Amino acid sequence: MVILFGCVSLAADVTYEGARSILGPFLGVVGATGSAIGFIAGIGELTGYVVRLVAGSLGDKTKSHWVFVFAGYFINQIAVPLLAIAKNWPQVGLLIVLERFGKGIRTPSRDVLLSHATEGVGRGFGFGIHEALDQVGAMTGPFLIALAIMHWKSYRTALGLLIIPAFLALLILFVTHKRYQKLSAFLDDCQPKEQNDKAGSKRQGLTESFWWYITALEFLAAGYVDFPLIAYHFGQKSIFKEYEIPLLYMLAMGVDAIVALVAGRLFDKSGIGSMSWPIILGSLSSPLIFLFPIRTVAIIGTIFWGIGLGVQESAVRAAIASLVPIDIRGTAFGIFYLVFGLSWFLGSCAMGFLYDKSLAYVALSSFILQILSLPLLERSQKKIKEQKKSV
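These numbers come from a predicted model, not from an experiment.

Asker: Which parts of the structure should I look at to understand the overall build of the protein?
Answerer: Secondary structure assignment for the protein yields 19 helices and zero strands. Computed over its C-alpha atoms, the radius of gyration of the protein comes to 20 Å, within 12% of the 21 Å expected for a compact globule of 391 residues. For the protein, the spread of C-alpha atoms along the principal axes amounts to about 60 × 45 × 30 Å. Counting only residues that meet the buried cut, the protein has 59% of its 391 residues in that class. Taking all contacts inside the protein whose residues are at least 6 apart in sequence as the whole, residues at least 24 apart take part in 86%.

As structure tokens, this is what we get:
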């Protein structure tokens, strides 16, 4: 199941990560400013994360996880090719928000299904495998976009071609569903084993360690600069050519894939404490990218940005499944995504505003906010240990 869902994510990521790699420059072409780009990126993430709370809760109550997965993927994949016919930046922004909305609908249910499927290989490593396949698509998409721009010299043509991987993603999802028509029985079989998990028994519910963990992620999300602003910066400062920017995003996604596997395996062995080193490296990305208009330094900063993203997409998600019981896991994922998205929105708006004022402010704020997450993660780890001793 992990591999199958990974293949769906691979095709889906070719679509929306391909578009994401040029959204900053494309928004600039249709008249958006740095502040507008920061707002659009932030409101898109906020919308996607807010809807996850509702979708996750409804998924727990109705047990209709496949319904949410199908609806989310359909909206998510259809919105991207429509960017090719958007006439101005508000229309582009609306489609970006719609794409994030679709992703928000399907993500909690997908993660609940994955949390069950990863029991045999370890949650961290299982989420890492899924993220690695996901990032193969995230690398392929920007690469194809770069080739399309080099050949046709048009953002719109490149975006229109993304209808092909969008169709493939929906086709693979349909095949996956057919393969797992009896998934509800599979979940029932997994449930007794999940309920024996001392770190997240039904009796404990959402523990203090969970809320310390969520608080740490608020700072991490607020400080992480979204790639559209980074791409906009590279274009505005002429650090890279137009076709090189999606290639940089492809590089970051490749780093993300490798780090996701490593971080996931380390999480299975050492828990939350293993997240510290990729977070520290990720926090260094903004100073390198925004303070030094040098190609080599910007590339290193992009690699560090990918490292930070890798841990967010593997160990960070796996920890949620380990901290809460099965019967409220969709709700817990929803809470996580809501808090993460709200923080990302506020951070993106702030970073966009600061970008128009001073690049130094962007770099410093991003670095400090991410570093502040580390003592809170340590606090959560201590609470987990205390909880295990008391059981």
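Asker: I tried to follow the packing of aromatic side chains on my own but got confused; where do I start?
Answerer: Aromatic rings considered in pairs are described by the distance between their centres and by the relative angle of their planes. Counting across every chain of the model gives 17 aromatic pairs. On the basis of an interplanar angle of 75° and a centroid distance of 5.0 Å, the ring pair of Phe-234 and Phe-240 is categorised as edge-to-face. On the accessibility criterion, Phe-240 (8% relative accessible area) is buried. Put simply, the rings of Tyr-224, Phe-227, Tyr-249, Trp-305, Phe-333, Phe-336, Tyr-337, Phe-340 and Trp-344 touch in pairs and so form one group of aromatic residues.

Asker: I keep staring at helix H15 (residues 295-312) and nothing clicks. Help me out?
Answerer: For an α-helix the count is 3.6 residues per turn, leaving residues at separations of three or four pointing the same way. Here H15 contains 18 residues, and its C-alpha end-to-end distance of 26 Å stays within 8% of the 26 Å for a straight helix at 1.5 Å per residue. Where burial is concerned, most of H15 is hidden: 13 out of the 18 residues are buried.

Asker: For this particular structure, what's the right way to read the side chain of Ser-343?
Answerer: Take Ser-343: it is sitting in helix H17 (residues 329-355). Note on Ser-343: relative accessible area 9%, which makes it buried.

Asker: Would you mind going over the UniProt feature "transmembrane region" (unreviewed entry) in the protein with me for this structure?
Answerer: Mapped onto this structure's residue numbering, the UniProt feature "transmembrane region" (unreviewed entry) falls at residues 27-54, 66-86, 159-177, 210-235, 247-267, 287-311, 332-353 and 359-377. In this annotation, residues 159-177 is assigned 89% helix and 0% strand; the end-to-end C-alpha distance for the span is 28 Å. End C-alpha atoms of residues 359-377 are separated by 28 Å, and the span's content is 95% helix alongside 0% strand.

Asker: Help me out: how do you make sense of the packing of helix H11 (residues 227-236) against helix H12 (residues 244-270) in this one?
Answerer: The relative placement of two packed helices is expressed as an angle between their axes plus a distance between the axes. At their nearest, the axes of H11 and H12 sit 10 Å apart, and the two run at 140° to each other. Here H12 runs oblique to H11, going by the angle between their axes. The handedness of the crossing between H11 and H12 comes out as right-handed. On H12, the residues touching Phe-227, Ala-231, Phe-234 and Gly-235 of H11 are Ile-245, Leu-248 and Tyr-249. Its residues assigned to classes, the contact of H11 with H12 shows six nonpolar, one polar and no charged.

Asker: Sorry if this is basic, but what is going on with the pattern of salt bridges here?
Answerer: Side chains that differ in sign of charge can pair as their charged atoms come close. Evaluation of the coordinates by the stated rule reveals nine salt bridges. Across the salt bridge formed by Arg-295 and Glu-244, the nearest N and O atoms sit 3.2 Å from each other. One end of the pair, Arg-295, is in helix H15; the other, Glu-244, is in helix H12, and 51 residues separate them in sequence. According to the relative accessible area criterion, Glu-244 is buried, its value standing at 15%. Salt bridges here are not isolated pairs; linked through shared partners, they connect Arg-110, Asp-111, Glu-313 and Arg-317.

Asker: Would you mind going over the nonpolar core with me for this structure?
Answerer: Counting residues in hydrophobic clusters, the biggest one holds 105 residues, and the most contacted among them are Leu-83, Tyr-213, Phe-234, Met-275, Trp-305 and Phe-336. Among the elements that make up this core, the one with the highest residue count is H17 (eleven residues). Excluding residues that lie within four positions of it along the chain, Trp-305 makes contacts with Tyr-224, Val-225, Phe-227, Ile-230, Tyr-249, Ala-252, Met-253 and Ser-285.

Asker: Would you explain the side chain of Thr-107 in this entry?
Answerer: Here Thr-107 shows up in helix H5 (residues 89-117). For Thr-107, the side chain forms a polar contact with the main-chain oxygen of Lys-103, separated by 2.6 Å. What Thr-107 contacts, discounting residues up to four positions off in sequence, is Arg-52 and Tyr-337.

Asker: Mind showing me how you'd approach helix H13 (residues 276-283) here?
Answerer: Among the residues of H13, Pro-278, Ile-279, Gly-282 and Ser-283 are the ones counted as buried. Along the axis of H13, the buried positions cluster into a sector of 140°, meaning they face one direction only.

Asker: I'm lost on unusual backbone geometry in this one. Help?
Answerer: Glycine aside, negative phi is the norm for most residues, and most peptide bonds take the trans geometry. Phi at Lys-63 takes a positive value of approximately 60°, unusual for a residue other than glycine. Among the secondary structure elements, Lys-63 is positioned in the loop between helix H3 (34-62) and helix H4 (65-79). For Lys-63, a relative accessible area of 55% corresponds to the exposed category. For Lys-153, which is not glycine, the phi dihedral falls at a positive 55°. Its location among the elements puts Lys-153 in the loop between helix H6 (123-152) and helix H7 (155-160).

Asker: Just checking my understanding: could you explain the environment of Ala-360 for this structure?
Answerer: You can see Ala-360 is positioned in helix H18 (residues 359-371). What makes Ala-360 partly exposed here is its relative accessible area of 39%. Taking C-alpha positions, Ala-360 is 6.4 Å from Leu-291, a pair spaced 69 residues apart along the chain.

Asker: Explanation requested: the environment of Ala-319 in the structure shown.
Answerer: Along the chain, the position of Ala-319 falls in helix H16 (residues 315-323). Distance in space between the C-alpha atoms of Ala-319 and Gly-347 is 23 Å, their sequence separation being 28 residues. Leaving out residues up to four positions away in the same chain, Ala-319 has contacts with Tyr-213, Phe-267, Ile-272 and Met-275.

Asker: Would you explain a nonpolar patch on the surface in this entry?
Answerer: Side chains of Ile-163, Ile-164, Phe-167, Leu-168, Leu-171, Phe-174 and Val-175 sit close together on the surface and give an oily, nonpolar patch of about 690 Å² of accessible area. Counting through the fold element by element, Val-175 comes out in helix H8 (residues 163-179). A residue is classified by how much of its surface remains accessible, and Val-175, at 47% relative accessible area, is partly exposed.

Criteria and thresholds
- Residues numbered from 1 in each chain as written.
- Predicted model: local features only at pLDDT ≥ 70, side-chain atom pairs only at ≥ 80, totals over all residues.
- Heavy atoms only, no water.
- Helix = DSSP H or I, 4+ residues; strand = E, 2+ residues; numbered from the N terminus.
- Rg over C-alpha atoms; globule rule 2.2 N^0.38 Å.
- Buried < 20%, exposed > 50% of the residue type's maximum accessible area, 1.4 Å probe, protein only.
- Contact = heavy atoms within 4.5 Å.
- Phe/Tyr/Trp six-rings, centres within 6.5 Å; stacked < 30°, edge-to-face > 60°.
- Expected span 1.5 Å × (residues − 1).
- UniProt positions renumbered as here; feature names shortened; annotations may be inferred.
- Axes fitted to C-alpha atoms, helices over the stretch in contact; angles between N-to-C directions.
- Parallel < 35°, antiparallel > 145°, perpendicular 65-115°, else oblique.
- Left-handed = near helix turned anticlockwise from the far one by under 90°.
- Nonpolar A, V, L, I, M, F, W, Y, C, P; charged D, E, K, R; others polar.
- Salt bridge = Lys/Arg side-chain N within 4 Å of Asp/Glu carboxyl O.
- Core = buried A, V, L, I, M, F, W, Y, C linked by side-chain atoms within 4.5 Å.
- Polar contact = N/O pair within 3.5 Å; in protein donor to acceptor, adjacent residues only side chain to side chain.
- Arc of directions from axis to C-beta.
- Patch = residues over 30% accessible without salt bridge, like charges linked within 9 Å, V, L, I, M, F, W, Y side chains within 5 Å.
- Areas by Shrake-Rupley, 256 points an atom, 1.4 Å probe, with all protein chains shown as cover.

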